[in-house]
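These are the residues of each chain, in order.
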Amino acid sequence: MSDGSKIEWTDATWNPVTGCDRVSPGCDNCYALTGARRWKAMGNPRYQLDGDPRTSGPGFGVALHADKLDQPLRWSKPRRIFVNSTSDLFHPRIPEEFIARVFATMAAAPQHTFQVLTKRPKRMHALLGGDYAAGLQTLLEVAHDEREAQALYDADWPLPNVWLGVSVEDAQRADERIPALIDTPAAVRFLSCEPLLGRLDLRDYLHGPGICERCGGSGSVPVLGGGAMCPACEYDNARWMGPSPIQWVIVGGESGPGARPMDVAWARTIVGQCQAAGVPVFVKQLGSRPFHHVVAGVTDWPISRHSKGGDPEEWPTDLRVREWPEAVSA
């Protein structure tokens, strides 16, 4: 575990599992895969299992570390903790029983906020989805340790200190992953649009079921500007009336060797969509190779070259946004 993470949206990382496999374009320049090769060469005992060379690499085979399970319990000061920053908790090679143990630790440490980010939301939904008691029942059925099962049973469900999120790097992944997240009960649901590899239209996902102000019908659909249109009477509501099923969105370009460019306009689009829907948005970084635009011969962003797109103080004003879900606003 690392106390004092360099990841701007968390305070610490906790890795009861290491290793993973690439599943989509967002994985192509995975920092953890690159790091695993180096950590193996340095003799780190947690990175000695090699993964499939077609999807993983040296030192990046999926490995369980049971001795790490209780480490958050030793921290009394509240922290935001990124769970499995070098793996994916819902990887198919992680046994359900071990996932239950991870959730038991999170249940027993209510002073912390745990941030779980996955690229495999279908398995997450299979374990935790359905009504609010289904996930608890599933985890209790696979839990083998009586103490851990008791911690799960005694906690509120869904766990109020656990945020569930999905990585969304492009439009295809948005349509594949966000619906499963929305259908999974969670205290906070969030999207990590990093590395952002294309323009995203998240409006259909950022709005909850609307209520028509004229006919009272439900199931309104969002329209440009943050309003809604009733499919029954085609009335454009003056405002959206349903709460968003997504409570937080992170935006970031890619950094590091081989980083792919991010158009600043893509980030602007997401920020605008979030603000129209009243969803907090956190612009983490603009990447190593951000596009910037020239209008009437003048650049809109006098960037100083930097591994993460320059000093945030030099970013366009509308992108200097780092908001948190209301429950943890700082």
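These figures come from a predicted structure and were not determined experimentally.

## A few points about the overall build of the chain
Across its full length, the chain carries eight helices and 18 strands. Going through the 330 residues of the chain one by one, you find that 53% of them count as buried. Put simply, 72% of the contacts in the chain that link residues at least 6 apart link residues at least 24 apart.

## Remarks on the packing of helix 2 (residues 96–107) against helix 5 (residues 146–154)
One can describe the packing of helix 2 onto helix 5 by two numbers: an axis separation of 8 Å at closest approach and a directional angle of 60°. Classified by the angle between their axes, helix 2 and helix 5 sit oblique to one another. With respect to the hand of their crossing, helix 2 and helix 5 are arranged in left-handed fashion. On helix 5, the residues touching Ala100, Arg101, Phe103, Ala104 and Ala107 of helix 2 are Glu148, Ala151 and Leu152.

## Looking at the state of the cysteines
Counted under the stated rule, the structure contains zero disulfides. Of all cysteine sulfurs in the structure, the one in Cys20 sits closest to Cys27, which takes part in no disulfide; the separation is 6.6 Å. Unpaired in this structure, Cys30 has its nearest cysteine sulfur neighbour in Cys27, at a distance of 6.6 Å.

## Section: the side chain of His91
By the secondary structure assignment, His91 is in the loop between strand 5 (80–83) and helix 2. Judged by relative accessible area, which is 2%, His91 ranks as buried. Apart from residues no more than four positions distant in its own chain, His91 is found in contact with Cys20, Asp21, Val62, Arg120 and Arg123.

## Structural notes on the pairing of strand 8 (residues 188–193)
The buried count for strand 8 comes to six of six residues, which makes it a mostly enclosed element. Relative to strand 8, strand 7 (residues 162–167) runs parallel, the two sharing five bridges. Bridged to Leu164 within strand 8 is Arg189. Taken together, the four bridges between strand 8 and strand 13 (residues 248–252) define a ladder with parallel strand orientation. Opposite Phe190, over in strand 13, you have Trp248 as the bridge partner.

## Some thoughts on helix 6 (residues 171–182)
Given 3.6 residues per turn, any residue in an α-helix points the same way as the ones three and four places further on. Counted at 1.5 Å a residue, the expected span for helix 6 with its twelve residues is 16 Å, and the 16 Å between its end C-alpha atoms agrees. What helix 6 keeps buried is the set Arg173, Ala174, Arg177, Ile178, Ala180 and Leu181. The buried residues of helix 6 occupy an angular sector of 165° when the element is viewed end-on, so they sit on one face.

## With respect to empty space enclosed by the protein
Scanning the model with the defined rule gives one cavity of 30 Å³ or more in all. Roughly 70 Å³ of internal volume is contained in the largest cavity. As for the largest cavity, its lining consists of Phe103, Leu128, Trp157, Pro158, Leu159, Val162, Leu164, Pro185 and Ala186. Looking at the lining of the largest cavity residue by residue, the class counts come to nine nonpolar, no polar and no charged.

## Considering the pattern of salt bridges
Two side chains of opposite charge can pair, provided their charged atoms sit close to one another. Enumeration according to the criterion identifies 15 salt bridges in this entry. Two residues, Arg80 and Asp11, come together in a salt bridge whose shortest N-O distance is 3.7 Å. With a gap of 69 residues between them, Arg80 in strand 5 and Asp11 in the loop between strand 1 (2–3) and strand 2 (12–14) connect regions that are remote in the sequence. Relative accessible area serves as the criterion here: at 17%, Arg80 is assigned to the buried category. In this structure Asp11 comes out as partly exposed when scored by relative accessible area, which is 29%. Ionic pairing is found between Arg120 and Asp88, a salt bridge with its closest N-O pair at 3.0 Å. Taken together, the positions of Arg120 in the loop between strand 6 (113–118) and helix 3 (121–128) and Asp88 in the loop between strand 5 and helix 2 put the pair 32 residues apart, joining distant regions of the chain.

## As for helix 5
For helix 5, the set of buried residues is Glu148, Ala149 and Leu152. Buried residues in helix 5, looked at end-on, bunch into an arc of 100°, giving them a common side. Along helix 5, exposed side chains directed more than 90 degrees from the buried face belong to Glu146, Arg147, Tyr153 and Asp154. Along its buried surface, helix 5 packs onto helix 2 and helix 4 (134–142).

Cut-offs used in this document
Residues numbered from 1 in each chain as written. Predicted model: local features only at pLDDT ≥ 70, side-chain atom pairs only at ≥ 80, totals over all residues. Heavy atoms only, no water. Helix = DSSP H or I, 4+ residues; strand = E, 2+ residues; numbered from the N terminus. Buried < 20%, exposed > 50% of the residue type's maximum accessible area, 1.4 Å probe, protein only. Contact = heavy atoms within 4.5 Å. Axes fitted to C-alpha atoms, helices over the stretch in contact; angles between N-to-C directions. Parallel < 35°, antiparallel > 145°, perpendicular 65-115°, else oblique. Left-handed = near helix turned anticlockwise from the far one by under 90°. Disulfide = S-S within 2.5 Å. Pairing = 2+ DSSP bridges. Expected span 1.5 Å × (residues − 1). Arc of directions from axis to C-beta. 1 Å grid on protein atoms, 1.4 Å probe; cavity = no way out; pocket = protein on both sides within 12 Å on 5 of 7 lines; lining within 4 Å. Points joined across faces, edges and corners; volume = space filled by probe spheres on them. Nonpolar A, V, L, I, M, F, W, Y, C, P; charged D, E, K, R; others polar. Salt bridge = Lys/Arg side-chain N within 4 Å of Asp/Glu carboxyl O.

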